[in-house]
Amino acid sequence: MNKIAGLLVMISSLFSAQQQMSLLECENAFQQNNLQLLAEQYSINMADADVLQAKIWELPQISGYINGYNPEGKRFLNVNKAKGLEVSQLIYMGGKKKNEIAFAKSNKELAQLQFSQLLVELRTQLRTNYYNLYYEKLKLENINKQLGYMNDLLKAYKIQSAKGNVSLKDEVRLQSIVIQLNNDKVEINKNILEFEQNLKVLTGISEGVEPEISENEAKEILASQPFGNEEDLKRKAIENNADYLFGLKLIENSQLYALWQKSLNVPDLTVGAEYDQASGTFNNEINLKVGIPLPLWKSNRGNVEKAKYAIKQNQKNAEFQKLDLETKVQAAYQMWKNQFDQIAEIKSTDLDNLDMVYNGMLKNFRNGNVSLIEFTDFMESYRQTALQIYDMKNELIQAAEKLKQLVQTKIFY
């Protein structure tokens, strides 16, 4: 018992710095401070830089010569007698630059979709941890309420047991309930610590978060239902899920890449002008120069073939992603519906009756109207039921958050 009490004190000290925050406030802090989100934003900036780079042409080239040795005049570096200058520029043919730019812009769109998907996933983590923490704290409050009474009762029985007024068996029966309640408290505190740590990482807030949800808000959240049936949710997921849209964009991206690779087989022109002082047909002549590789074979044929297979691969992956997404939406909807129907069967009057019976049992036990066996049996049943009800409510919200994560548009009204 001393070890358990010491552990409880140590854990509770970790929760001393608390900051009450609504879910909206947590989400605002998350968007401003989350390091993963801020880091992923740079992927879009880098994609912008790739678009900028794709628009840049090769630099013009300039070359020249001077006479190294004049055998007639027997002079070295005879610049006055012979020198020349050439300027050339590579001209892209076959739409290479246009295709390269289009591919770079497509990569930026992929980066934006990756960012959107990460945003959804991290926001879902934030919301699920927030609700987990909320219900774990409610469970802790309930356990503490039971422990407060049971510890006092156990102390009284220990005194009476030492005097021989009650049996040791009755003391042990109470002791077992207190131990179980303390074990529940340790487990709940461990969960609270984990959820608070997760929220600190997600929001960038060093203080512990105290969820701020009113009783009416909690009831509204539990009562909210998705707009539309299962097929409507599947359709919305296909239209909005960033991960699936990323797969579709990959097909377009690979098609643009294939078009770019194909255009690389088209020979480029090199156009330039040349000045020659004395070695040409005329003195001080200016010549126009045009160069092009001989297209004896397709120098980029392997990359073109590879790009074609990438298109087919991404098409099959997109088909799989669609089936997988629809299946997940179906399962998530059924999970939510099962949890909703289960909660709907528990009326508010049932919960009120549970608390009323609990208070009545405490009163009757104090007055000697209920035996210790009846009382301890009820307390064990009440402990389990109270924790299960909190878990059921939390699981309903978690199922709704999972459905939101898949559909990625407003579906609960």
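Residues numbered from 1 in each chain as written. Predicted model: local features only at pLDDT ≥ 70, side-chain atom pairs only at ≥ 80, totals over all residues. Heavy atoms only, no water.

Chemist: Any chance you could explain the pattern of salt bridges here in plain terms?
Modeler: Side chains that differ in charge, positive against negative, can pair when their charged atoms come close. This model, assessed by the stated rule, comprises 25 salt bridges. Taking the shortest distance from any N to any O, the salt bridge between Glu380 and Arg383 comes out at 2.7 Å. Of this pair, Glu380 and Arg383 both sit in helix α11 (residues 372-407), three residues apart, roughly one helical turn. Residue Glu380 is classed as partly exposed on the basis of its relative accessible area of 26%. It is possible to trace a salt-bridge network through shared partners that takes in Glu27, Arg127, Glu401 and Lys404. (Salt bridge = Lys/Arg side-chain N within 4 Å of Asp/Glu carboxyl O. Helix = DSSP H or I, 4+ residues; strand = E, 2+ residues; numbered from the N terminus. Buried < 20%, exposed > 50% of the residue type's maximum accessible area, 1.4 Å probe, protein only.)

Chemist: What exactly am I supposed to notice about the layout of surface pockets here?
Modeler: Here the idea is plain: a probe the size of a water molecule rolls over the atoms and shows the empty space left. The calculated volume of the largest pocket comes to roughly 910 Å³. In terms of lining residues, the largest pocket is bounded by 28 residues, among which Glu215, Lys219, Leu351, Tyr390 and Lys393 are the most central. Those elements that place two or more of their residues in the lining of the largest pocket are α4 (96-163), α6 (215-223), α9 (301-344), α10 (348-366) and α11. Of the residues forming the lining of the largest pocket, the biggest block, six residues, is contributed by α4. Along the lines of polarity and charge, the residues of the lining of the largest pocket split into 17 nonpolar, three polar and eight charged. (1 Å grid on protein atoms, 1.4 Å probe; cavity = no way out; pocket = protein on both sides within 12 Å on 5 of 7 lines; lining within 4 Å. Points joined across faces, edges and corners; volume = space filled by probe spheres on them. Nonpolar A, V, L, I, M, F, W, Y, C, P; charged D, E, K, R; others polar.)

Chemist: What is the right way to read helix α3 (residues 35-54) from this model?
Modeler: Three or four residues apart is the spacing at which side chains of an α-helix point the same way, because the helix has 3.6 residues per turn. Across its 20 residues, α3 extends 29 Å between first and last C-alpha, which sits within 8% of the 28 Å expected from 1.5 Å per residue. Taken together, the buried positions of α3 are occupied by Leu37, Glu40, Ile44, Ala47, Val51 and Ala54. Projection of α3 onto a plane perpendicular to its axis shows the buried side chains occupying an angular sector of 80°, all on one side. Among the exposed residues of α3, those oriented more than 90 degrees off its buried face are Leu35, Tyr42, Met46, Leu52 and Gln53. Among the structural elements, α2 (23-33) and α4 are those in contact with the buried residues of α3. Two or three places before Gln36, at the start of α3, stands the capping residue Asn34, its side-chain oxygen 3.1 Å from that residue's backbone nitrogen. (Expected span 1.5 Å × (residues − 1). Arc of directions from axis to C-beta. Contact = heavy atoms within 4.5 Å. Polar contact = N/O pair within 3.5 Å; in protein donor to acceptor, adjacent residues only side chain to side chain.)

Geometric values such as these leave the question of function open.
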